Amino acid sequence: MKALVVYESMFGNTRHIAEAIAEGLRESIPTELAPARHPEAVELDDVELVVVGAPTHAWGLSSERTRDAAAQDSAKHPDHLLDSSPIGPGVREWLKGQHGRRACRAAAFDTRIDKPEILTGSAARSIQRRLRHAHFSTFASPHSFTVTATAGPLVSGEIERARQWGEAMGRSIAPRAAARATPHRAARR
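Residues numbered from 1 in each chain as written. Predicted model: local features only at pLDDT ≥ 70, side-chain atom pairs only at ≥ 80, totals over all residues. Heavy atoms only, no water.

K.L.:
Outline the overall build of the chain, listing residues and values.
P.N.:
For the chain, the helix and strand inventory stands at seven helices and seven strands. Listing every helix and strand of the chain by position from the N terminus yields β-α-β-β-β-α-α-β-α-α-β-β-α-α. Across the 189 residues of the chain, 50% fall into the buried class. (Helix = DSSP H or I, 4+ residues; strand = E, 2+ residues; numbered from the N terminus. Buried < 20%, exposed > 50% of the residue type's maximum accessible area, 1.4 Å probe, protein only.)

K.L.:
Break down the pairing of strand E7 (residues 143–147) for me, citing the residues and quoting the values.
P.N.:
Across the five residues of E7, four count as buried, placing the element largely inside the fold. Where strand E5 (residues 105–113) lies against E7, five bridges are found, and the strand directions are parallel. Of the residues in E7, the one forming a bridge with Ile-113 is Val-147. (Pairing = 2+ DSSP bridges.)

K.L.:
Explain the side chain of Asp-110 to me, using residue names and the numbers behind them.
P.N.:
Relative to the helices and strands, Asp-110 resides in strand E5. A polar contact of 2.8 Å, which involves the side chain of Asp-110, links it to the side chain of Ser-122. For Asp-110, the contacting residues outside a window of four places in its chain are Ala-54, Thr-56, Ser-122, Ala-123, Ala-124, His-143, Ser-144 and Phe-145. (Polar contact = N/O pair within 3.5 Å; in protein donor to acceptor, adjacent residues only side chain to side chain. Contact = heavy atoms within 4.5 Å.)

K.L.:
Can you lay out helix H1 (residues 13–25) for me, pointing to particular residues and giving the numbers?
P.N.:
A rise of 1.5 Å per residue sets the reference length of H1, with its 13 residues, at 18 Å; its end C-alpha atoms lie 19 Å apart and thus fit the reference within 8%. Along H1, the positions that sit buried rather than exposed are Asn-13, Thr-14, Ile-17, Ala-18, Ala-20, Ile-21, Ala-22, Gly-24 and Leu-25. (Expected span 1.5 Å × (residues − 1).)

K.L.:
With reference to specific residues and values, describe the packing of aromatic side chains.
P.N.:
Geometry of an aromatic ring pair is reported as the spacing of the ring centres plus the angle between the planes. Applying the stated rule across the entire model yields three aromatic pairs. Their ring planes at 75° and their centres at 6.3 Å tell us that Phe-109 and Phe-145 sit as a pair that is edge-to-face. Taken together, the residues Phe-109 in strand E5 and Phe-145 in strand E7 connect sequence positions 36 residues apart. Accessibility assignment for this pair places Phe-109 and Phe-145 in one class, buried. Centroid distance Phe-109 to Trp-165: 6.5 Å. Interplanar angle 70°. Geometry classified as edge-to-face. Of this pair, Phe-109 sits in strand E5 while Trp-165 sits in helix H6 (residues 158–181), and the two are 56 residues apart along the sequence. Trp-165 gets classed as buried once you look at its relative accessible area, which sits at 8%. Through successive ring pairs, a cluster of aromatic residues spans Phe-109, Phe-145 and Trp-165. (Phe/Tyr/Trp six-rings, centres within 6.5 Å; stacked < 30°, edge-to-face > 60°.)

K.L.:
Would you mind going over the pattern of salt bridges in detail, with residue names and values included?
P.N.:
All told, the structure shown has nine salt bridges when counted by the stated rule. Across the pair Glu-117 and Arg-125 runs a salt bridge whose closest N-O atoms are separated by 2.7 Å. When its relative accessible area of 28% is taken as the criterion, Glu-117 is described as partly exposed. Note that Glu-160 is salt-bridged to Arg-163, the shortest N-O span being 2.3 Å. In this pair, Glu-160 and Arg-163 both sit in helix H6, three residues apart, roughly one turn of the helix. (Salt bridge = Lys/Arg side-chain N within 4 Å of Asp/Glu carboxyl O.)

K.L.:
Talk me through unusual backbone geometry; I want residue IDs and the actual numbers.
P.N.:
A negative phi holds for most residues other than glycine; trans holds for most peptide bonds. The backbone of Ala-58 shows a phi angle near 50°, a positive value even though the residue is not glycine. For His-135, which is not glycine, the phi torsion reads 75° and is therefore positive. Inspection of the secondary structure puts His-135 in the loop between helix H5 (123–133) and strand E6 (137–138). Exposure remark for His-135: the relative accessible area of 61% places this residue in the exposed category.

Coordinates in, geometry out; function isn't part of it.
As structure tokens, then:
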């Protein structure tokens, strides 16, 4: 059994958070990291926990339209560098492809501007609703990690906070994953 962190990132901030969460999870459970834009690389067969994250765009989960707008914005602002991955499908599209597949435990996160959620919205809340709709079991409350502006950088301490969140989830999921992997003694009698 393993954990999987699936993410979408426009300017690299969400990718950095996803990497930190995966690092924290790896303290307790083997963990893979996969961008949502490469769905063929995301296999859920032996996954105990999937953690899904994306940047908050237009008060919610990004779409093709908002990703295109972010790319156009980066062309106007040389300090808004796009992440190394090309623009393409994101978490919204990945989640649509999960209906009818084996569902496991799941958690959601996002990155958003460092302002009250009522002003920024939250992609994580939308991701969590979509995870439930795809029959995943909610494992943790949606988490938001903040950036100072549209293209970042991350607020100081957010990488460490993401790693700690990953560690906490890993400590909680590892005993369950081990129990599933080991047959009960009663079954062997």
